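The primary structure of each chain is shown beneath.
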Amino acid sequence: MYRDNSLVPKEAIRLAALGLLAEGDRPYGDLAREVREFATRIVGPSLDLLGTSIELLRFEGLIEPVDGRGMEDNAVLRLTDSGRTALTEYLTSTMRPGVSDLNKLVLALKLRFIDLLSDEDREEQLAALEMMYAGEKARLTDLRDRADRGAGLLAAWLDLEIDQVERRIAWCRDLISN
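Here we summarise the structure given alongside this text. (Residues numbered from 1 in each chain as written. Predicted model: local features only at pLDDT ≥ 70, side-chain atom pairs only at ≥ 80, totals over all residues. Heavy atoms only, no water.)

## Re the overall build of the chain
Across its full length, the chain holds 8 helices and 3 strands. For the chain, the α and β elements follow one another from N to C terminus as α-β-α-α-α-β-β-α-α-α-α. A burial count over the chain gives 40% of its 178 residues as buried. Within the chain, contacts between residues separated by at least 24 positions form 61% of all contacts whose residues are at least 6 apart in sequence. As displayed, the chain has an accessible area near 10200 Å², and 51% of this comes from carbon and sulfur atoms. (Helix = DSSP H or I, 4+ residues; strand = E, 2+ residues; numbered from the N terminus. Buried < 20%, exposed > 50% of the residue type's maximum accessible area, 1.4 Å probe, protein only. Contact = heavy atoms within 4.5 Å. Areas by Shrake-Rupley, 256 points an atom, 1.4 Å probe, with all protein chains shown as cover.)

Put into structure tokens, the structure is as follows:
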């Protein structure tokens, strides 16, 4: 993790693998394919992200084969207690502000597996997301207030971005209140 307790790229992939196994045991090949397909659909093909080996998760004791050995015999894998602890740490990690492919992937994974958290942790994560969006709105509004009216399409684009972030804030508030 970074110093601010946010996920580095390889941890996003680990979150994906551990989250999928928390939902149920899977053969090695299926797990690798599902992780790759999810990440690729969010951020596009990326060697930086997909370089993390499922074998490393097994070596670290976060997952274990139910039968077989691993990649070589397409063993069915399951999450260990240590893996469940790591998954919770990843799901409750800090979200970095700003828009980047990694942030999109981490957010998508956190939302994909948010039901694996306790009610209290889920609410904390949604509140943190709302606060992140509020900070984003403040930055965009400040820039919009300073944008030169004749500066091309910048002001119109900022209005669009502010509208989107306001909808995200409202969405978080609705989820928290339900």
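Let us keep going from here.
## Points about the pattern of salt bridges
By the definition in use, this model includes 16 salt bridges. The partner of arginine 58 in a salt bridge is glutamate 55, with the nearest N and O atoms 2.7 Å apart. Of this pair, arginine 58 and glutamate 55 both sit in helix H4 (residues 54–59), 3 residues apart, which is roughly one turn of the helix. Overall, arginine 58 belongs to the partly exposed group, its relative accessible area being 32%. (Salt bridge = Lys/Arg side-chain N within 4 Å of Asp/Glu carboxyl O.)

## Points about the environment of glycine 29
Tracing the chain through its elements places glycine 29 in helix H2 (residues 28–43). Separated by 47 residues in the primary sequence, glycine 29 and valine 76 place their C-alpha atoms 8.9 Å from one another.

## Section: helix H6 (residues 101–112)
Taking 1.5 Å per residue as the helical rise, H6 with its 12 residues ought to reach 16 Å, and the 16 Å between its terminal C-alpha atoms agrees with that figure. All of the buried residues in H6 are Leu102, Asn103, Leu105, Val106, Leu107, Ala108, Leu109 and Lys110. (Expected span 1.5 Å × (residues − 1).)

## Remarks on the sheet that holds strand E3 (residues 76–79)
Taken together, 3 strands build an open sheet; the order of strands is E1-E3-E2 and the sheet is antiparallel. On the outer flanks of this sheet lie strand E1 (26–27) and strand E2 (63–65), each paired with one strand and no other. The pairing of E2 with E3 spans 3 bridges and is classified as antiparallel. Across the sheet, residue isoleucine 63 finds its bridge partner in E3, namely leucine 79. (Pairing = 2+ DSSP bridges.)

## Re the packing of helix H1 (residues 9–23) against H6
Contact geometry of H1 with H6 gives a least axis separation of 10 Å together with a crossing angle of 20°. Put simply, H1 runs roughly parallel to H6. Regarding H1 and H6, the two cross each other, and that crossing is left-handed. Contact residues: Pro9, Ala12, Ile13, Leu15, Ala16, Leu20 and Glu23 in H1; Leu102, Leu105, Val106, Leu109, Lys110 and Arg112 in H6. Across the contact of H1 with H6, the residue classes break down as 10 nonpolar, no polar and 3 charged. (Axes fitted to C-alpha atoms, helices over the stretch in contact; angles between N-to-C directions. Parallel < 35°, antiparallel > 145°, perpendicular 65-115°, else oblique. Left-handed = near helix turned anticlockwise from the far one by under 90°. Nonpolar A, V, L, I, M, F, W, Y, C, P; charged D, E, K, R; others polar.)

## Considerations on unusual backbone geometry
Residue asparagine 74 is not a glycine yet carries a positive backbone phi of 50°. Positionally, asparagine 74 belongs in the loop between E2 and E3.

## Some words on the nonpolar core
Core analysis: the largest hydrophobic core is formed by 45 residues, its most contacted members being Leu18, Leu31, Ile63 and Tyr133. Put simply, the parts of the chain that give this core at least two residues each are H1, H2, H4, E3, helix H5 (81–91), H6, helix H7 (119–146) and helix H8 (154–177). The element that contributes the greatest number of residues to this core is H1, accounting for 9 residues. For leucine 31, the contacting residues outside a window of four places in its chain are Ala17, Leu20, Leu21, Arg26, Ile54 and Leu77. (Core = buried A, V, L, I, M, F, W, Y, C linked by side-chain atoms within 4.5 Å.)

## Some details on the environment of isoleucine 162
With respect to the helices and strands, the residue isoleucine 162 is situated in helix H8. When its relative accessible area of 11% is taken as the criterion, isoleucine 162 is described as buried. Sequence separation of isoleucine 162 and threonine 141 is 21 residues, and the distance between their C-alpha atoms is 7.0 Å. Apart from residues no more than four positions distant in its own chain, isoleucine 162 is found in contact with Leu140, Thr141 and Arg144.

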